[in-house]
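Observations on the three-dimensional arrangement
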Amino acid sequence: MGDLADRVAKVHERISAACRRVGRRPEDVKLIAISKTVPPERIRQAYEAGLRDFGENRVQEAEAKRPALSDLAVTWHLVGHLQTNKAKPARDLFHWIHSVDSQRLAEKLDKVGARPGDRLPVLLEVNLGEEAAKSGARQDEVPRLAEALSRLETLEVRGLMVMPPFFDDAERTRPYFRRLRELAGDVAAKNLPGVSMQELSMGMSHDFEVAIEEGATMVRVGTAIFGPRS
Ligand SMILES: *Cc1c(COP(=O)(O)O)cnc(C)c1O
């Protein structure tokens, strides 16, 4: 437990330092602990260390772990690719979905299991590196996608998400983070109903400081909190 509390404190310090460099407030950056492959006992310890937002990348894994954590007041984020046939459990299990990348998926999410008045906050995932192995919409598709989603009554588009190509030197991811922010500005300028571009989900363990300097409002941090994944 001690090691986890120390790591969480260290991450908070890094967030604050990055915010100071660019005149932002640390409370405007949400730390999401990415708990994929992490067992429930360890997630509970992270909760006890003060974390309240957790992210998983697979619906099935989240489903398996959740019963052991149902007493915690956690906000759960789905950050991994979502297949349309998992839309229903995803909607039941998660409070935020960061990985909406097609109109088809969004329409499925809109139809399944929403109660009247529900609006599920979602982010549009953008494949800025145009990497074949990664999910995400192409950047030129994003404005049209936002327009299509604007018509869906039980979803609320709150911003964009990116998983840029990996570079050892975090500084090299900066242009991608900057591009995501610009793209969010382009979409926001369309003033679509049900679409706001307040959230930028970007930055992981090795590059979240750069992401914060470029405007990240949500950072997704796994390794720096839980240690290396096996
Ligand atoms: C695993 C994962 C992260 C966290 O990565 P770390 O390098 O361990 O911080 C962030 N975002 C997504 C989508 C992930 O799958």
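On a predicted model such as this, the values are computed, not experimentally measured, just so you know.

Each helix and strand in the protein was counted, giving 9 helices and 8 strands. Projecting the C-alpha coordinates of the protein onto the three principal axes gives extents of approximately 50 × 40 × 30 Å. Classification of the 230 residues of the protein by burial places 51% in the buried group. Residue pairs in contact within the protein that sit at least 24 positions apart in sequence constitute 62% of those at least 6 positions apart. Of the roughly 10700 Å² of accessible surface on the protein, 47% is carried by carbon and sulfur atoms. Charge centroids of the protein, computed over 36 positive and 35 negative side chains, lie 2 Å from each other.

With that settled, consider the site of the ligand. Contacts to the ligand come from Ile34, Lys36, Val79, Met163, Met204, Ser205, Arg220, Val221, Gly222, Thr223 and Arg229. At 2.5 Å, a side-chain N or O of Ser205 approaches an oxygen atom of the ligand. Here an oxygen atom of the ligand sits 2.8 Å away from a polar atom, N or O, in the side chain of Arg229. For the ligand, whose free accessible area comes to 390 Å², the fraction covered by protein is 92%. Taken together, the residues that form the shell around the ligand break down as 5 nonpolar, 3 polar and 3 charged.

Scanning all chains against the criterion turns up 23 salt bridges. The closest approach of N and O atoms between Arg138 and Glu141, which form a salt bridge, is 3.6 Å. With relative accessibility at 28%, the residue Glu141 sits in the partly exposed group. Put simply, Arg181 and Glu214 hold a salt bridge, and the shortest N to O gap is 3.4 Å. Here Arg181, found in helix α7 (residues 174–188), pairs with Glu214, found in the loop between α8 (208–213) and β8 (218–221); they are 33 residues apart in sequence, far enough to count as distant. Under the relative-accessibility criterion, Arg181 is labelled partly exposed at 37%. Via salt bridges that share partners, Arg21, Glu171, Arg174, Arg178, Arg181, Glu213 and Glu214 belong to a single interconnected network.

Here we come to the nonpolar core. Phe54, Ile97, Leu160 and Ile225 are the most contacted members of the largest nonpolar core, which totals 69 residues. Element by element, the count of residues in this core is highest for helix α1 (residues 2–22), at 6 residues. Filtering out sequence-adjacent residues up to four positions away, Phe54 remains in contact with Ile32, Ala33, Ser35, Ile43, Ala46, Tyr47, Val74, Thr75, Trp76, His77 and Phe226. By size, the runner-up hydrophobic cluster in this structure holds 7 residues, among which are Ile32, Ile34, Val79 and Trp96.

The residue Thr37 is not glycine, and still its phi comes out positive at about 70°. Residue position: Thr37 is located in the loop between β1 (30–34) and α2 (40–48). Its identity as a non-glycine residue notwithstanding, Asn191 has a phi of 50°, on the positive side. With a relative accessible area of 66%, Asn191 lands in the exposed category.

What counts, and at which threshold
- Residues numbered from 1 in each chain as written.
- Predicted model: local features only at pLDDT ≥ 70, side-chain atom pairs only at ≥ 80, totals over all residues.
- Heavy atoms only, no water.
- Helix = DSSP H or I, 4+ residues; strand = E, 2+ residues; numbered from the N terminus.
- Buried < 20%, exposed > 50% of the residue type's maximum accessible area, 1.4 Å probe, protein only.
- Contact = heavy atoms within 4.5 Å.
- Areas by Shrake-Rupley, 256 points an atom, 1.4 Å probe, with all protein chains shown as cover.
- Lys, Arg positive; Asp, Glu negative; His and termini not counted.
- Charge placed at Lys NZ, Arg CZ, Asp CG, Glu CD.
- Near = heavy atom within 4 Å.
- Polar contact = N/O pair within 3.5 Å; in protein donor to acceptor, adjacent residues only side chain to side chain.
- Nonpolar A, V, L, I, M, F, W, Y, C, P; charged D, E, K, R; others polar.
- Salt bridge = Lys/Arg side-chain N within 4 Å of Asp/Glu carboxyl O.
- Core = buried A, V, L, I, M, F, W, Y, C linked by side-chain atoms within 4.5 Å.

Take it as geometry only, folks, not as evidence of what the structure does.
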